[in-house]
Amino acid sequence: QVQLVESGGGLVQAGDSLRLSCVASGRTFSLYTMGWFRQAPGKEREFVGRIRWIWGSTYYANSVKGRFTVSRDRAKNTAYLQMNSLTPEDTAVYYCGGESTATRGYEYWGQGTQVTVSS
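Residues numbered from 1 in each chain as written. Predicted model: local features only at pLDDT ≥ 70, side-chain atom pairs only at ≥ 80, totals over all residues. Heavy atoms only, no water.

Chemist: With reference to specific residues and values, describe the pattern of salt bridges.
Modeler: In total, this model carries 4 salt bridges according to the counting rule given. Note that R38 and E46 form a salt bridge whose closest N and O atoms lie 2.6 Å from each other. The exposure class of R38 is buried, given its relative accessible area of 6%. Note that E99 is salt-bridged to R52, the shortest N-O span being 3.4 Å. Taken together, the positions of E99 in strand 9 (residues 92-100) and R52 in strand 5 (residues 46-52) put the pair 47 residues apart, joining distant regions of the chain. Assigned by exposure class, E99 and R52 land together as buried. Through salt bridges with shared partners, a single network forms among R38, E46, R67 and D90. (Salt bridge = Lys/Arg side-chain N within 4 Å of Asp/Glu carboxyl O. Buried < 20%, exposed > 50% of the residue type's maximum accessible area, 1.4 Å probe, protein only. Helix = DSSP H or I, 4+ residues; strand = E, 2+ residues; numbered from the N terminus.)

Here is the structure:
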């Protein structure tokens, strides 16, 4: 099992930046990907971006490409989501997810952290 804990959310103004962190513990050697997702009120959870845990390659949703950056520090078992040029449309609960090497599916989830962007 892998446990994930997010932090770093808060209330910011449009145009501001925020960095979220996701600390992994447990069987972190089984991680294949760390992904970031978000869920706005009344909407389904959507993919934001991900990073391959070993190789560090990244992929982003079109809605955040060029503004958000996913990174990781394997020594700290931590993934990050750097969010720049935030808009009110980015307001959501942000979750990190862990994809295991064995299943290639997101089976580990954090509790989420609220990001609110005011106009």
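Chemist: Can you lay out unusual backbone geometry for me, pointing to particular residues and giving the numbers?
Modeler: Working note: non-glycine residues mostly have negative phi, and peptide bonds are mostly trans. In this model, N77 sits at a positive phi of 50°, which is unusual for a non-glycine residue. Accessibility expressed as a relative area gives 23% for N77, which makes it partly exposed. Phi at S85 is positive, roughly 50°, even though this residue is not glycine. Note that S85 resides in the loop between strand 8 (78-83) and strand 9.

Chemist: Residue-level account of the environment of R74, with values.
Modeler: With respect to the secondary-structure elements, R74 resides in the loop between strand 7 (68-73) and strand 8. Note on R74: relative accessible area 43%, which makes it partly exposed. C-alpha separation for the pair R74 and G56, spaced 18 residues apart in sequence, amounts to 9.7 Å. Once residues within four sequence positions are removed from consideration, R74 is found in contact with W53 and I54. (Contact = heavy atoms within 4.5 Å.)

Chemist: Lay out the environment of M83 in plain terms, naming residues and giving numbers.
Modeler: Topologically, M83 is positioned in strand 8. Given a relative accessible area of 0%, M83 falls into the buried group. Placed 33 residues apart in sequence, M83 and R50 show a C-alpha to C-alpha distance of 13 Å.

Chemist: Outline the sheet that holds strand 7, supporting the account with residue identities and numerical values.
Modeler: Strands sit in the order 1-3-8-7 across an open sheet of 4 strands; the sheet is antiparallel. Looking at the sheet topology across the chains shown, the edges are occupied by strand 1 (2-7) and strand 7. In this sheet, adjacent strand axes meet at a mean angle of 20° when their direction is disregarded. Alignment of strand 1 against strand 3 (residues 18-26), held across 6 bridges, turns out to be antiparallel. Of the residues in strand 3, the one forming a bridge with E6 is C22. (Pairing = 2+ DSSP bridges. Axes fitted to C-alpha atoms, helices over the stretch in contact; angles between N-to-C directions.)

Chemist: Provide a residue-level description of the pairing of strand 9, including the pertinent values.
Modeler: Burial analysis of strand 9 places 8 of its 9 residues in the buried class, the great majority of the element. The pairing of strand 4 (residues 31-39) with strand 9 spans 8 bridges and is antiparallel. Looking across to strand 9, one finds that W36 is bridged to C96. In this sheet, strand 10 (residues 106-109) lies alongside strand 9 in antiparallel orientation, the contact comprising 3 bridges. Across the sheet, the residue bridging to E99 is Y106, located in strand 10. Counted along the chain from strand 9 to the antiparallel partner strand 10, the turn is 5 residues long, and its residue R104 has a positive phi close to 55°.

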